Amino acid sequence: MPALEQMNQILHILFIFLPFFWALGTLPPPDALFLWAMEQVLEFGLGGSPMSTHLRLLAMFIISAGAAVTSYFIPSTVGVVLFMTGLGFLLSLNLSEICFIFKHSVTRHRVRTKSKALPSGSETQFTWKECVFYIIMFVLALLETSLLHHCADFSQISKSSPQAIIGYILMMLLIILWILREIQSVYILGIVRNPFYPKDVQTVTVFLEKQTRLMKIGVVRRILLTLVSPFAMIAFLSLDSSLQRPHSVAVSIGFTRAFRMVWQNTENALSEIVTVSVVHSLIFSKDLWWNRSLDTGIRLLLVGIVRDRLIQFISKLQFAMTVLLASWTEKKQRRKSAATLCILNIVFSPFVLLFIVFSTLLSSPLLPLFTLPVFLVGFPRPIQSWPGAVGTAACVCADTVYYYQMVPSLAAALQSAMAAGSLGLLLPGSHYLGRFQDRLIWIMILERGYTYCCINIKGLELQETSCHTAEARRVDEVFEGAFEQEEYARVCSLNEHFGNILTPCTVLPVKLYSDARNVLSGIIDSHENLKEFKDDLVKVLVWIIVHYCSKRPSMQDSVHKTENKGKAPLIILPTLNPSPQPYCPEDMDSLNSETFDDWSDDNIFDDEPTIKKRKEEKDQLKVLPDTHLSLPGSVESRKVGDPGKVPENSLYKTVILGYPAIDKGKQEDMAYIPLTEFSGSHSHLLSLPKEWRSNCLPNSKMKEMSSLFPEDWYQFVLRQLECFYSEEKDSDVLEEIAKDKVLKDFYIHVVMTCYFSLFGTDNMAPSPGHILRVYNGVLPWSVALDWLMEKRELFQLALKAFRYTLKLMIDKASLSPIEDFKELSNCLEEYESDWYIGLVSDEKWKEAVLQEKPYLFSLGYDPNMGVYTGRVLTLQESLIQVGKLNAEAIRGQWANLSWELLYATNDDEERYSIQAHPLLLRNLTVQAADPPLGYPIYSSKPLHIHLY
């Protein structure tokens, strides 16, 4: 046959160029080609949408193809129309989520218990309301279709026919919806600033007040788009005369797609039907090919393909022009070959346009070779661009937790903005960029359906490199020019950054942490403040230990037992210890040289000290594992946070002279409290743990330090405690506990021992370096250090008290002094409930962020500036600036990244294609790619956003 012979010749020619296409990276891998083909057929042939996962894509493709085939074999025209309408509506819904909710609702009804993984009651109730809404819409759509198709007159079509009248209504709806969508964004068509959009939106309160009218307009748009437009388009399709003709493959495919598109992507379907209606009203001649050979369904299919390819062509052309012009106009991007490349592009502009057209027809990315103005056609691939599942890979680091915390609130803000139309036309494959302080949020639309949208959110690194900083600065300039205009600025100003691939859209109120870093010079190094620090530390220790003992579960459980017995328990204290500190195999070892380095002058200003490993030196003293040093002055230092653990290289010790020698032949007179009982029957409610009652300080030292104990503050804290659920009055119980001298002696012993452990043997005011070291968990050596570190809970409480005291010192210096005990108690209660004060590297810091503690504080030191710094994170509702990116520019740069690293194997970390580009945002785009080629620090699973 001539056709087969012609195809044979074409394939022979094509096979010759296959090695060349493969060498250029234009030949697609089988999996990418298969997924791309399914996406194209599903979207343009069956009226669906690209899906968020490969499994969903395969399942939806099979179901949609089966629906089109089934419609061909239905004999009744009314049955065909009802089948297409109903199935098109159902397939446009987020069926997986609906099935998940239904499945777990049934399971919960059977078990009659609520699992933690299931939605809460309000969410379930809201979901059932949504299901009722879908059922009502489904029934109304079927009812409308059957009535119109059954009662319609399919006679000669004219300008006054019902279908033509509905076509005019759809034209008006399209114009109204376009206007309502454009005035929601800061720029109209990305060029002229919207006069209705609020100016100078820097605070959430002001923005929400000014946006009230736009939100009302957004509600009107949502009603027209969700309720009015679908029924109007169903009426137009149901009245079409093509459905009265004998069944054909074209009718089945075309109308199955048309009835599906009405719900799957209402705005695109509306533009397609209006286009067909306008062409039909202008062309009445039946002899033309458009009217003679094509039915309405196929016309809509062709218009949809042309619309999509036209949008792609404009985006690709804009991307190519940006790459070409930037290679010459941007000084940092201008290379020696820039002039030659520009001339070649101008001379061979027909071929460049041919490449652009060819990549547009294939819906494949336009690949700028090494991001230079040398263009190739990338191989066809799905819109996700990467083979792995969405959200399964990210370069997780300490900053990832901030994106985890903000994503739920960001998703809620995106829901309102998308439903109102503030982010423009929502198409699968669209990319958005959000900016707040040092955070950059990358948002990609994966899937679109009726009243829902599926997105992926990525978070880029916070530790900015030079390239990252340059592009982030340009992003800030673009957003500042759009959102931070003066009130007296021109009403309809132009977008000064029109050539940038980023077009500002709107701002979103999101609950997240704002990061503030302050210089503490003049506060932490003030002698008066440091002197007050020591006095305040004793009070904070008392407050924390008393509250800890009052909330111990064992104490609360034994309340009723004690009330029944009616007598105070005996407190048995240990007898005189043979040594100043509890004996253990490591007690007589020397100070580990690695830990001692933490106290060297070279490292005292590190934000978080680390143990450095050193090689063995000839003059080091070697000690066998079973040998214990007994040299005078031998001491041991420990690192906070790891009490009792022997260093790995414990064989290598260094003798540090200068500390007081320990005379083993003489035993100091240790503090000793004989067998005693509490004087009050309720004192056991605040009793200290037994392991805290052992002694480690000489009696003389304890008597000396007991004078520093604030007895009046101790009495005040006890009387402020909450109820112990006792049968007696609270005031009487607390008064009885406060008068117990034995209990007070225990608190004096524990509090002053902790105080001595934190400051060592030095009674002078602490230095700023000492404050930083102890804050970071490196305590000075003292005879009480081992005693404290063996009691892990008490150790953490002492460290917590030290950090609270530091924060108290900063607040007193920067805000106002503390007037009385009540104000101090309120301040500490606020620290306990609303603050986390610690290290950024702590696991508890991450837990506090995820638990959304209102405030977090950390102390640090900047070695470059030589100043102490305080970092405060404040949880508040702030505005995130969001802009839309040129999707074809992103796909093109990602295609080049894949080509350059996988095909050209250019793994140079300083390669040209990763350097900062203020127009293309090249470095940020590379970061946002999926690992291993990109390195986002956070990537979410597909998130389903409801658009109602």
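Caption draft 1: Representation of the overall build of the chain within the structure. Each helix and strand in the chain was counted, giving 32 helices and 17 strands. Looking at the chain as a whole, 53% of its 948 residues qualify as buried. The contacts of the chain with a sequence gap of at least 6 include a subset with a gap of at least 24, amounting to 77%. In the form shown here, the chain has an accessible surface area of approximately 44800 Å², with 62% of it arising from carbon and sulfur atoms.

Caption draft 2: Seen up close, the nonpolar core. Core analysis: the largest hydrophobic core is formed by 79 residues, its most contacted members being I545, Y747, M752, F802, L806, F857 and L859. Among the elements that take part in this core, helix 25 (residues 741-759) stands out by supplying 13 residues, more than any other. Those residues within four positions of Y747 in sequence are excluded, and the remaining contacts are I545, V546, C549, L686, L688, F709 and Y714. Within the second largest apolar cluster, 45 residues are counted, among which are Y134, L173, M261 and V274.

Caption draft 3: Region of the structure containing the side chain of H497. Looking at the secondary structure, you find H497 in the loop between helix 17 (466-483) and strand 8 (502-519). Residue classification places H497 among the buried residues on the basis of a relative accessible area of 18%. H497 has contacts with R474, E477, V478 and L502, leaving out every residue within four places of it along the chain.

Caption draft 4: The arrangement of helix 7 (residues 162-182) in detail. Taking 1.5 Å per residue as the helical rise, helix 7 with its 21 residues ought to reach 30 Å, and the 30 Å between its terminal C-alpha atoms agrees with that figure. Listed as buried for helix 7 are Q163, A164, I166, G167, L170, M171, L173, L177, L180, R181 and E182. Of the surrounding elements, those touching the buried residues of helix 7 are strand 1 (187-188), helix 9 (212-238) and helix 11 (266-282).

Caption draft 5: Geometry of the confidence of the model for the chain. Of the residues in the chain, 80% reach a pLDDT of 70 or more, and the chain-wide mean stands at 80. Low pLDDT, under 50, characterises residues 112-126; the predicted model gives this stretch 11 contacts beyond four residues in sequence or across chains.

Caption draft 6: Examining the environment of R299 more closely. Mapped onto the fold, R299 is located in helix 13 (residues 296-329). Residue classification places R299 among the buried residues on the basis of a relative accessible area of 7%. Along the backbone, R299 and V276 are 23 residues apart, and their C-alpha atoms lie at a distance of 6.9 Å. Among all residues touching R299, those that are not within four sequence positions of it are V276, H280, W290, N291 and L294.

Caption draft 7: Looking closely at empty space enclosed by the protein. As enumerated under the stated definition, the model contains eight cavities of 30 Å³ or more in all. What the largest cavity holds in volume is close to 180 Å³. Breaking the lining of the largest cavity down by element, the ones donating at least two residues are helix 9, helix 10 (249-264), helix 11, helix 16 (400-420) and strand 6 (439-449). Counting residues per element, the lining of the largest cavity draws most heavily on helix 9, at four residues. Classifying every residue of the lining of the largest cavity by side-chain character gives seven nonpolar, seven polar and four charged.

Caption draft 8: Spatial organisation of the packing of helix 18 (residues 527-550) against helix 23 (residues 711-719). It is at 10 Å that the axes of helix 18 and helix 23 come closest, and there the two elements cross at 30°. Taken together, the axis directions place helix 18 and helix 23 in an arrangement best described as roughly parallel. At the point where helix 18 passes helix 23, the crossing takes the right-handed sense. Note on element contacts: helix 23 touches helix 18 through W713, Y714, V717 and L718, opposite K539, V542, W543, V546 and H547. When its residues are assigned to classes, the contact of helix 18 with helix 23 shows seven nonpolar, one polar and one charged.

Calculation notes
- Residues numbered from 1 in each chain as written.
- Predicted model: local features only at pLDDT ≥ 70, side-chain atom pairs only at ≥ 80, totals over all residues.
- Heavy atoms only, no water.
- Helix = DSSP H or I, 4+ residues; strand = E, 2+ residues; numbered from the N terminus.
- Buried < 20%, exposed > 50% of the residue type's maximum accessible area, 1.4 Å probe, protein only.
- Contact = heavy atoms within 4.5 Å.
- Areas by Shrake-Rupley, 256 points an atom, 1.4 Å probe, with all protein chains shown as cover.
- Core = buried A, V, L, I, M, F, W, Y, C linked by side-chain atoms within 4.5 Å.
- Expected span 1.5 Å × (residues − 1).
- pLDDT = per-residue confidence, 0-100.
- 1 Å grid on protein atoms, 1.4 Å probe; cavity = no way out; pocket = protein on both sides within 12 Å on 5 of 7 lines; lining within 4 Å.
- Points joined across faces, edges and corners; volume = space filled by probe spheres on them.
- Nonpolar A, V, L, I, M, F, W, Y, C, P; charged D, E, K, R; others polar.
- Axes fitted to C-alpha atoms, helices over the stretch in contact; angles between N-to-C directions.
- Parallel < 35°, antiparallel > 145°, perpendicular 65-115°, else oblique.
- Left-handed = near helix turned anticlockwise from the far one by under 90°.

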